[in-house]
Protein chains: 2
Amino acid sequence: MSETDTDLERGTDELARRAERAALRLANVDEATRNEMLRSIADAIREREEAILAANATDVEAAEAMLADGEYTQALVDRLKLDETKVESIASMVESVAEQDDPLGETLAARELDEDLELYRVSVPIGVVATVFESRPDALVQIAALALKSGNAVVLKGGSEASESNRALYEAIVDATADLPDGWAAHIEAHEEVDRLLELDDRVDLVMPRGSSEFVSYIQENTQIPVLGHTEGICHVYVDADADLETAADVAFDAKVQYPAVCNAVETLLVNESVAAEFLPEIVDRYEAAGVELRGDERTREVVDVDPATADDWDTEYGDLELSITVVDDVYDAVEHVNEHGSKHTESILTEDSDTAETFMTGVDAASVFHNASTRFADGYRYGLGAEVGISTGKIHARGPVGLAGLTTYKYYLEGDGHLVASYSGEDAAPFTHRELDGAEWTPGRLSDR
Amino acid sequence: MSETDTDLERGTDELARRAERAALRLANVDEATRNEMLRSIADAIREREEAILAANATDVEAAEAMLADGEYTQALVDRLKLDETKVESIASMVESVAEQDDPLGETLAARELDEDLELYRVSVPIGVVATVFESRPDALVQIAALALKSGNAVVLKGGSEASESNRALYEAIVDATADLPDGWAAHIEAHEEVDRLLELDDRVDLVMPRGSSEFVSYIQENTQIPVLGHTEGICHVYVDADADLETAADVAFDAKVQYPAVCNAVETLLVNESVAAEFLPEIVDRYEAAGVELRGDERTREVVDVDPATADDWDTEYGDLELSITVVDDVYDAVEHVNEHGSKHTESILTEDSDTAETFMTGVDAASVFHNASTRFADGYRYGLGAEVGISTGKIHARGPVGLAGLTTYKYYLEGDGHLVASYSGEDAAPFTHRELDGAEWTPGRLSDR
């Protein structure tokens, strides 16, 4: 290990320690101040538009040079590039986070354990969250805003291709929030720093990677910090024997064509054999007219003229105008295919039969399972969750589209009057009442104030 | 790697794969069947009492031989030993799990997104849970029962010192649940198998270690599977300037003496300097009369005659009749000490001042923070959570005492009528209604049945 590495690693430890200390204080910064600071970040970004665009131009120029060398792709350069419209949309995004309901201090449950002994479960920040992201400089601002809204300290690490842009945006954030606990938002830049950051599972509570599937996998495999995110979206639409075929065609089309690049777009269409001959020719025409490249299994190709699918097709997230089609025996066959090949993201059944819908919906293991609706609805905004923190295909902590609640945990507050456990133990043990206090809100000392 | 290791590892992979497949079917086994199977496990354990005790006697005999060699401690042998009363209490524990409310199929939230487009968040099993535990054979039965109640497949790994007992109990479980999906409960015995199990983060969703603090730490450090548990309980009681000192003495005594071996017992008493001279002499007498070994910092020793505390004392979970005492300037000083030395488990303040209570309760970072109550209340049964799955000092997924809900996650079910995302995009985008459907329960096809 070189001297420089060691210094960078020590620096990362120190940043995380400061973030941890800041988090303890940030947890008790009131809602009005947090929202005021968010608006102040939005203002700072607007005021510094020129400097941000200049920094971004430096990044883009360097990336374009690498483009010529074949090191970077055009898509990366496109994601990197900011303009006035994008800077304004970053600023408005921060303002819209300020408008969201406060995720903190909500009494999630209240229960009387005994007379004058009351238990409250109240939402609080997690502590220190971190993000590691590629290209898009707006990710830095978005995660910082979501962290601040939810009272969390944050460690931000962007890609080297966006270093000037990230630095300019980070400076705007820090200067605008000088009133917040020192060190609440930290920025690291070197690869050695992120390697060390991923080791700090005692100081960092959650990592939210933003980038390609490979990138998210890399983070998941190289840290013991819980990761909120998803690698792939291999989503399916199953057209059942009892589907309304016109509706089914509309939904299958929407799920693929409306926006094929996103994780909730469909990758494989499953069709019940009893409707394949009627359903497939029309939907295939419609897909082909929209430029969708189709591949089918043998039973599909008996009905329509498409390229043969290979075994790999069933496990591929195309993220583009491509689709694989398979004909299945029945709903059980469909459930089996989905559980074998799906990524536990979003699955949809088209049927007018409630029992069949139930078999599919309860049988499929996925964060979101839809009945007669497009997979594209799986999204925090459409779900009404407000700001979307991410989409999780994990099952622990948060699943599916995740709102600000995904950046909170809870604390149990117990208000007593000198209660002892000894009174509830042994031969003359007093019983607990365990009565739910519906609608009660925790306020400190609520017993003595009565 | 030896041939045998490879076979064991392959065997572990296969067990986990079977558990994964079983989990998909177990998720839809109805409540009545799950409870019936639990009662059948209880019956089987009672029926096989003789065989279980014989198996246990073999383990105990072997352990006692190791005791002579100094390999095992008497405490381990005590934890290992079963008798008729213990077997009966294991059987009744399983029956009491059957009596609990069903944690599955609960509609946790319901929201109309638009007319005839309704989103439901419904509790479902996590999938495959695993436990790795030391000594106590009852842990095997308890985790299997909690897993079954919550519809999860389970992989069980006990210590080699209890191998005969574990095998006898596992056989009772498997024979009693022949009607459940094959492979729902797996049992592994070899060290190589647990090492491989901890690598299977793509198949196992949650690990619940049961054992010493070092043991839980070892599991946490050697797996990327989320761990539900806690290593240490370094809990504090802070006696404020505005405490009712008689109440404070009772609570401080209860928190240490009522049951010192458990994680929610107090390890350090913090006393506000303004009440130290009045409070300390009496409580010290009371502790000493109960056999509590006391250590104090300099300011404590100015008031009472106790041994000096060393720096290590503040970070030690005694788990015994031992206590460290420190005098602090004020509530802020107390909060700082707790956040520096606590294990985020359970903390308590004694004060009649609501503002001071609020400062402590919101300032301290712990799963449970109490006002005028003993730390010993931090427990799933006392909290009214029913069966306790464990106590978590982590902040992700579940925090504090965890009930059966800690073994569930949720699925989003969306019921539509052929809804397309295209209708909600672009220039003529329809708006979402995002209306909460309070009290609504998901039933498949609920729209068409209206």
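Since we're looking at a predicted model, the values are computed, not measured. (Residues numbered from 1 in each chain as written. Chains lettered and ligands numbered in written order. Predicted model: local features only at pLDDT ≥ 70, side-chain atom pairs only at ≥ 80, totals over all residues. Heavy atoms only, no water.)

Asker: Can you help me understand the domain arrangement of chain A in this one?
Answerer: Accessible area lost on assembly of the parts is the figure often given for the size of an interface. As far as domains go, chain A holds domain 1 (3-221) and domain 2 (235-385). Here the C-alpha centre of domain 2 of chain A lies 36 Å away from the C-alpha centre of domain 1 of chain A. (Domains from an automatic or database assignment.)

Asker: Explain the packing of helix α2 (residues 31-47) of chain B against helix α6 (residues 138-149) of chain B to me, please; I cannot follow it from the model alone.
Answerer: When two helices pack together, you describe them by how their axes are tilted relative to each other and by the distance separating the axes. All names here are of chain B. Two elements in contact, α2 and α6, have axes separated by 9 Å at closest approach and are oriented at 160°. When the axes of α2 and α6 are compared, the pair comes out roughly antiparallel. Relative to α6, α2 is oriented so that their crossing is right-handed. Packed against α2, whose contacting residues are Arg34, Asn35, Met37, Leu38, Ile41 and Ile45, the element α6 presents Val141, Ala145, Leu148 and Lys149 at the interface. Within the contact of α2 with α6, the residues separate by chemical class into 7 nonpolar, 1 polar and 2 charged. (Axes fitted to C-alpha atoms, helices over the stretch in contact; angles between N-to-C directions. Helix = DSSP H or I, 4+ residues; strand = E, 2+ residues; numbered from the N terminus. Parallel < 35°, antiparallel > 145°, perpendicular 65-115°, else oblique. Left-handed = near helix turned anticlockwise from the far one by under 90°. Contact = heavy atoms within 4.5 Å. Nonpolar A, V, L, I, M, F, W, Y, C, P; charged D, E, K, R; others polar.)

Asker: Sorry, what's going on with the relation of the copies chain A and chain B here?
Answerer: In this structure, two copies of a chain are linked by a rotation about an axis accompanied by a shift along it. Rotating chain A by 180° and moving it 0.0 Å along the rotation axis overlays it on chain B with an RMSD of 0.0 Å. Here the symmetry operator amounts to a two-fold rotation axis. Of every C-alpha in chain A, the one belonging to His397(A) sits nearest the axis of rotation, 1.8 Å from it. (Least-squares fit on C-alpha atoms with pLDDT ≥ 70 in both.)

Asker: Would you explain the pattern of salt bridges in this entry?
Answerer: Side chains that carry opposite charge are capable of pairing whenever their charged atoms lie near each other. Residue and element names in this part refer to chain B. Applying the stated criterion to the full structure yields 54 salt bridges over all chains. Residue Asp7 is joined to Arg10 by a salt bridge in which the shortest nitrogen-to-oxygen separation is 3.0 Å. With Asp7 and Arg10 both in helix α1 (residues 3-26) and 3 residues apart, this pair spans about one turn of that helix. The exposure class assigned to Asp7 is partly exposed, which follows from its relative accessible area of 48%. The exposure class of Arg10 is exposed, given its relative accessible area of 53%. Of the charged contacts, one joins Asp13 and Arg196 as a salt bridge, the two residues approaching to 2.7 Å between their closest N and O atoms. Of this pair, Asp13 sits in helix α1 while Arg196 sits in helix α8 (residues 191-199), placing them 183 residues apart in sequence. Asp13 sits in the buried class, given a relative accessible area of 16%. (Salt bridge = Lys/Arg side-chain N within 4 Å of Asp/Glu carboxyl O. Buried < 20%, exposed > 50% of the residue type's maximum accessible area, 1.4 Å probe, protein only.)

Asker: Looking at this model, I keep getting lost on the interface of chain A and chain B. Mind explaining?
Answerer: Counting from both sides, the interface comprises 76 residues of chain A and, opposite them, 76 residues of chain B. Carbon and sulfur atoms make up 57% of the surface buried where chain A meets chain B, a total of about 6,400 Å² over both sides. The interface formed by chain A and chain B contains 0 salt bridges. Where chain A meets chain B, there are 55 residue pairs in polar contact (both at pLDDT 80 or more). If you list the elements that add at least two residues to the side of chain A that touches chain B, you get β1 (107-114), β2 (117-125), α9 (213-221), α10 (245-257), α14 (354-363), β13 (368-373) and β16 (408-419) of chain A. Looking at the side of chain A that touches chain B residue by residue, the classes come out as 34 nonpolar, 26 polar and 16 charged. Relative to strand β13 (residues 368-373) of chain B, β16(A) runs parallel, the two sharing 5 bridges. (Buried area = accessible area lost by both parts, 1.4 Å probe. Polar contact = N/O pair within 3.5 Å; in protein donor to acceptor, adjacent residues only side chain to side chain. Pairing = 2+ DSSP bridges.)

Asker: How do you make sense of the UniProt feature "domain: Aldehyde dehydrogenase" (unreviewed entry) in chain A when you look at a structure like this?
Answerer: In this numbering, the UniProt entry assigns the feature "domain: Aldehyde dehydrogenase" (unreviewed entry) to residues 13-293 of chain A. Annotation note: span residues 13-293 of chain A, helix share 52%, strand share 18%, distance between end C-alpha atoms 49 Å. (UniProt positions renumbered as here; feature names shortened; annotations may be inferred.)

Asker: What should I look at first to understand the packing of aromatic side chains in this one?
Answerer: Note on aromatic pairs: each is described by the distance of the centres and the angle between the planes. Residues and elements named next belong to chain B. For the coordinates displayed, the defined rule picks out 20 aromatic pairs over all chains. Here Phe253 and Tyr287 contribute two aromatic rings whose centre-to-centre distance is 6.1 Å and whose plane-to-plane angle is 25°, an arrangement assigned as stacked. Here Tyr287 lies in helix α11 (residues 273-289) and Phe253 lies in helix α10 (residues 245-257), a separation of 34 residues in the sequence. Judged by its relative accessible area of 0%, Tyr287 is buried. Sitting above the plane of the Tyr410 ring, Arg121 keeps its charged end 4.8 Å from the centroid. Arg286 extends its terminal NZ or CZ atom over the ring of Phe253, reaching a point 4.6 Å from the ring centre. (Phe/Tyr/Trp six-rings, centres within 6.5 Å; stacked < 30°, edge-to-face > 60°. Lys NZ or Arg CZ within 6 Å of the ring centre and 35° of its normal.)

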